[in-house]
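Chain residues, written in single-letter form:
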Amino acid sequence: MDRVAGPRTRFTREDYEQTPDDWRGELIEGDLLVIPSPTRWHQSLIGKLHRILLEHFGDEAQHRVLLSPSDVHIDKYNILQPDILVLPAGLVAGSDEWDEALPVWVAEILSPSTAHRDRGIKLTIYARAGVKEAWLIDPAADAITVHDLASGSARTFGSSETALSQVLKGLSVPVAAFFEV
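Computed from a prediction, not measured in an experiment: that's the story for all the values here. (Residues numbered from 1 in each chain as written. Predicted model: local features only at pLDDT ≥ 70, side-chain atom pairs only at ≥ 80, totals over all residues. Heavy atoms only, no water.)

### Looking at the environment of L49
Here L49 is to be found in helix 2 (residues 40-57). Considering only alpha carbons, one finds L49 and A134, 85 residues apart in sequence, at a separation of 13 Å. Not counting residues up to four positions away in its chain, the partners in contact with L49 are I84, W105, A107, I137 and F178. (Helix = DSSP H or I, 4+ residues; strand = E, 2+ residues; numbered from the N terminus. Contact = heavy atoms within 4.5 Å.)

### Focus: the pairing of strand 2 (residues 31-34)
Looking along a regular strand, one sees side chains alternate from face to face of the sheet. Where strand 1 (residues 25-28) meets strand 2, four bridges bridge the pair, whose relative direction is antiparallel. Its bridge partner lying in strand 2, E26 is registered against L33. (Pairing = 2+ DSSP bridges.)

### Thoughts on the nonpolar core
Of all hydrophobic cores here, the largest spans 25 residues; its most connected members are L53, W105, W135 and I144. Elements with a contribution of two residues or more to this core: helix 2, strand 6 (84-86), strand 7 (105-109), strand 8 (133-138), strand 9 (143-148) and helix 6 (175-179). Considering every element that reaches this core, the biggest residue donor is helix 2, with five residues. Formed by 19 residues, the second largest nonpolar core is a distinct cluster that contains L85, L110, Y126 and L136. (Core = buried A, V, L, I, M, F, W, Y, C linked by side-chain atoms within 4.5 Å. Buried < 20%, exposed > 50% of the residue type's maximum accessible area, 1.4 Å probe, protein only.)

### With respect to the sheet that holds strand 9
Spatially, six strands are ordered 3-6-7-8-9-10 in an open sheet, and the strand pairing comes out mixed. Because the sheet does not close on itself, it has two edges, and the strands there are strand 3 (65-67) and strand 10 (153-157). Mean inter-strand twist for the sheet, computed between neighbouring axes without regard to direction, equals 15°. In this sheet, strand 8 lies alongside strand 7 in parallel orientation, the contact comprising five bridges. Bridging from a neighbouring strand, I109 pairs with I137 of strand 8. (Axes fitted to C-alpha atoms, helices over the stretch in contact; angles between N-to-C directions.)

If you want it as structure tokens, here you go:
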């Protein structure tokens, strides 16, 4: 007798919210995915980018710049955790609007275990939701790719260049200096 597969289980935001507090993962197109702990180099790069963003935004940074883990509730089947996100200006910290706000800018530090997902489905979900810009930071290539999610265009900045944001006016990151140890 042939086995017939039943319908695929699709998890929702309600299921995600029932996971233990110490569980770290994402909900992507109805799949619950465990996120492994980042490497120390990954964490170091997040720290550098966070400092750059804090300097860029000044006093406003504490309410706009958030580090992972910070859930971004896209829809019923998608809750993502970018490495760093920037919320729109003018939100009141701690309000429901602030807690549910969609970021205007996200960054993902690529790693061998997540690069395919970060470059593929997550960019698609961010674009579909209305996130304006995503930076994919590739430590293996010493490169930063800036994705304009509204237009679908992207530009990769190499070690001799300075990555520029179109959404966060004035944000620039010299690539070589960013990857220096």
